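Overview (structure and organization)
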Amino acid sequence: MTAWAVTGAGLVSVAGSSPEALFDAIASGRARLTRNDSLDVACAPIEGFDPKRHLDRKGLGDLSRTSQLACAAASLLAPALGGVPPAEVGVVLGTAWGSLKTVVAFERAAQVDGPRFVDPFLFAETVANVPAGQIAIVFGWSACNATVSAGSASGLSALCSAIDLLVEERAQVVVAGGADELNPPLLMAWRDEGRLTKEPGSLPCAATRSGPVAGEGACLLAIESLERAAARGARPLARIAAAGSVSAIAGTTGARRAVSALAGTLLQEAGIARDQIDLIVLSANGDKERDTEEALGVMEVFGRGDAAPPLVAPKGTIGETWGAAGPLAAVVALEAMRRGTIPASPLHAMLDPALDGLRFPTEETRGEVRRAMILDGAAGELIAGIVLENGGSDAA
Amino acid sequence: MSPAGRASAQRPCITGVGLVTPIGATLDAFWTSLITGSAGAAPVRSFDTSGLSRTIGCEVATPIEEAAASPIPRRGGRCTALALAAVERALADAQALSYIAGRTDAAVVVGTTMGEVTQFEQDRARHPEREADAADVSTLANRPLDLMARSIAAVHRLEGRVVTVPAACAAGSYAIGMAASLVARGEVRIAIAVGCEAFSRLAFVGFARMHAMSADVCRPFSRGRPGLLLGEGAGAVIVEPESAARARGARAAAFVDGFGLSCDAHHVTGPHPTGAGAARATRDAIRRAGLDPSQIDYVNAHGTGTALNDKTESLAMHEVFGARATTIPISSIKALTGHMMGAAGAVEAIACVLALQRSVIPPTWNHIESDPDCAIDCVPNAPREAKLTHVVSNSYAFGGNNASLVLSAAS
């Protein structure tokens, strides 16, 4: 059976544009969540993001922010694909929203300026698969190209689809991950419905949490077989020991049951016991119900307190980044593996009593991080997950 | 994917199809329109076209409420309703309504371009003079791209894999291909694949601004063709492993033997000028079906009716079929249905299934004069009887996304 490896990562986040910067921000316990006073909502925008810092290409300013973020992440990943012909590289991008801002801007231009004066390029950017297409155009990655959408599980779903494409031998390497932009329309709409918090201090699983903080970003991973990685001299960052998703949509399956079922399935697929997971990266984002359901599902499988693996909740630092969230969480796990460090979390001191038993480390832990499970998704959506295993080449 | 002609327990077969289109919401009505040339084109009713340079489109005339037996989930709009209606018909056709309910080994794969954007447009149309506010945008923010897939999963209580592929105008083919792949790999016991699209002002204005739309008639592959007409609709197919279908007494309508993908990586809206990407997708699908191009009996073209698409698709078919490209039947049904965007690939695959079953090739209607740039046999203006065993259906999209399916006769 073929083993799949992660051989590169590229990311753009509010906490920086490298795995090191992202991990450091989480390890430092300094959230990058702020307030947008004019919109009266908490958020985590990537201030000063300029795609020209990443790409020397004309026309970047015409792209939607989602396309810009995705292309910037791809540019940071591209060096990891040395030696792979562009025609052998596929792309799968997960996005929950595409570019709502562009949709609203196009509609506005058609109304105010008139249909004859709208920018046709703006129209193209309203279409959700265009960011993935832009990546292909910029880098020539033409083996196959797909976009998937599944709420905050979009990014992990993209990783699952990437493995499907590799199993089917549609590409030598698939660049997969996700991207979503932060924009005023989404902030306004969700704020008015009470689905976002106004408090930047609303942290996942905390007793005082009052909702998620909307963020943005892009994160792409290079995925290929261990065999091919070895053949081209690429160093695997980790092996993908398991990947999958379950639906928590139908109502017959609560999110708690869906999380525990998925975690169980992933352990089975990876062929490991629950005590062989050294780190779990949660999807928790400050939403009361979502965090509770996930936490209970995780504790159902892994137990409570010191018997359970330590947890990290990156959305407490970077916000809910939807399509980017799962791949960014995977990068946190990769970096923990590389450093042999599990960061301390401020969440242990402010944990919701209803979630007593969740193990957010009180201090930084040094030691081998052999395997990590990454989860994302929520009730009413898809819940997706992967298991990464350190030392991809050894694990083969 | 299981190659044609090779025995495989996991060979994906289509056991049911359902659709809602501008030219019919039942299989018989749809087929009759295809072979009699009854077009769905009419003045646009969904929104006010005053001030727009184009006024004709292909909308679904059947009230959607009548088409869907299940209540539309709370946040669902027209696109969800179209998708649900097509799915119900497909499940009924497959006699799988009770078989699929509550299954954990069933997948839903949905393709769309714009999703539920029409709801937002309707809200905005109520007060065009002011900027969009949170109330307007909440219709979008509450209707994510995967709403249709979630709705189908909720209505039929499915707990397996749920995938949304917003692959624009190739989304319907992506959905069928991905569903068939899940079946072929043994990951699911049954899959619902859907392509769906509601008639949106956004797409209408966008394509008009790109000078891609005809003012009246769509004439694929015809010299001087004036462009595409936009359409809407939904197509759904039920895909199962042949062995599982047989075990429950279901009848195979056709097989999904090949699913080819490629990306132009060239231009965000325009095809590669040589058709190289499109050719790769078709060749890939034929190869994965275990076939040679000489074994393909018919190609259902993407055939939008734009100058560039039809020319490059013709070039692509020459690259795939060589000298045979001038004689193999290659037709487009978009002259009648319009370009249903996310629904197109699924509905056109269903047209292929019907063609395989009925041994008749649906023609390219509205053809006036052959175009030297499109040196193919586009089956102009009259259906053609033919024994069909293996057929190809092509779909191309923004972002350079290309997908081809190989469908094979059930007997």
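Structure shown above.
Report follows, based on the coordinates. (Residues numbered from 1 in each chain as written. Chains lettered and ligands numbered in written order. Predicted model: local features only at pLDDT ≥ 70, side-chain atom pairs only at ≥ 80, totals over all residues. Heavy atoms only, no water.)

1. Section: the overall build of chain B
Rules: In DSSP terms, a helix is any run of H or I states spanning at least four residues, a strand is any run of E spanning at least two, and both are numbered starting from the N terminus. The cut-offs for exposure are 20% and 50% of the maximum accessible area for each residue type, with area from a 1.4 Å probe on protein chains only; residues under the lower value are buried, those over the upper are exposed, and the others partly exposed. Per-residue and other accessible areas follow the Shrake-Rupley method at a 1.4 Å probe size, with only the shown protein chains counted as cover for residues. Under this rule, positive means Lys or Arg and negative means Asp or Glu; His and the chain ends count for nothing. By convention, charge coordinates are those of NZ in Lys, CZ in Arg, CG in Asp, or CD in Glu.
Scanning chain B from terminus to terminus reveals 14 helices and 14 strands. Along the three orthogonal principal directions, the C-alpha set of chain B runs to about 60 × 55 × 40 Å. Burial status across chain B gives 67% buried among its 411 residues. Carbon and sulfur atoms make up 50% of the accessible area of chain B, which amounts to about 12,200 Å² in all. Of the side chains in chain B, 36 bear a positive and 37 a negative charge, and the two mean positions are spaced by 4 Å.

2. Brief notes about the overall build of chain A
On a plain count of helices and strands, chain A comes out with 13 helices and 15 strands. Principal-axis analysis of the C-alpha atoms places the extent of chain A at approximately 65 × 50 × 40 Å. Considering chain A as a whole, with its 396 residues, one finds that 67% of them fall into the buried category. For chain A, the accessible surface area stands at approximately 12,800 Å², while carbon and sulfur atoms represent 48% of it. One finds the centroid of the 33 positive side-chain charges in chain A at a distance of 2 Å from the centroid of its 45 negative side-chain charges.

3. Regarding the environment of Leu-355 of chain A
Residues and elements named next belong to chain A. For the record, the criterion: Working rule for contacts: check all heavy atoms of both residues, and any pair within 4.5 Å makes them a contact.
Position of Leu-355 relative to the elements: it lies in the loop between strand 12 (341-342) and strand 13 (365-366). Separated by 56 residues in sequence, Leu-355 and Met-299 place their C-alpha atoms 9.2 Å apart. In contact with Leu-355, not counting residues within four places along its chain, are Cys-205, Arg-209, Asp-291, Thr-292, Ala-295 and Met-299.

4. Points about the interface of chain B and chain A
Selection criterion: Put simply, buried area is how much 1.4 Å-probe accessible surface two parts lose in total, over both of them, once they are put together. Any carboxyl oxygen of Asp or Glu within 4 Å of a side-chain nitrogen of Lys or Arg constitutes a salt bridge here. Any N or O atom pair separated by 3.5 Å or less is treated as a polar contact, with the protein-specific requirement of one donor-capable and one acceptor-capable atom, and with residues adjacent in sequence counted only for side-chain atom pairs. Side-chain classes follow a simple rule in which Ala, Val, Leu, Ile, Met, Phe, Trp, Tyr, Cys and Pro form the nonpolar group, Asp, Glu, Lys and Arg form the charged group, and the remainder, Gly included, forms the polar group.
Every contact between the two is made by 71 residues of chain B and, on the other side, 69 residues of chain A. Between chain B and chain A lies a buried interface of about 5,300 Å² when both sides are counted; carbon and sulfur atoms form 61% of it. Contact with chain A buries surface across chain B, with Glu-159, Arg-209 and Val-268 of chain B losing the most and accounting together for 11% of the total. For the interface between chain B and chain A, the tally reads seven salt bridges. Residues Glu-381 of chain A and Arg-150 of chain B are paired through a salt bridge, measuring 3.8 Å at the closest nitrogen-oxygen approach. Counting across the chain B and chain A interface gives 22 residue pairs in polar contact (both at pLDDT 80 or more). When contributions to the side of chain B that touches chain A are tallied by element, the ones reaching two or more residues are helix 5 (117-125), helix 6 (134-141), helix 7 (147-155), strand 5 (162-165), helix 8 (171-184), helix 9 (201-209), strand 8 (254-263) and helix 11 (276-288) of chain B. Take the side of chain B that touches chain A: its biggest share by element is seven residues, from helix 9 of chain B. The residue makeup of the side of chain B that touches chain A, split by class, is 37 nonpolar, 16 polar and 18 charged.

5. Points about the pairing of strand 4 (residues 89-94) of chain A
In regular strands, side chains alternate between the two faces of the sheet. Residues and elements named next belong to chain A. Filter applied, for reference: Two strands pair if DSSP finds at least two bridges between them.
Most of strand 4 is tucked away, with six of its six residues classed as buried. Side-chain alternation along strand 4 places Val-89, Val-91 and Leu-93 on one buried face and Gly-90, Val-92 and Gly-94 on a second face that is also buried. Across six bridges, the pairing between strand 4 and strand 6 (residues 173-180) is parallel. Each bridged residue has a counterpart across the sheet, and for Gly-90 the counterpart in strand 6 is Val-174.

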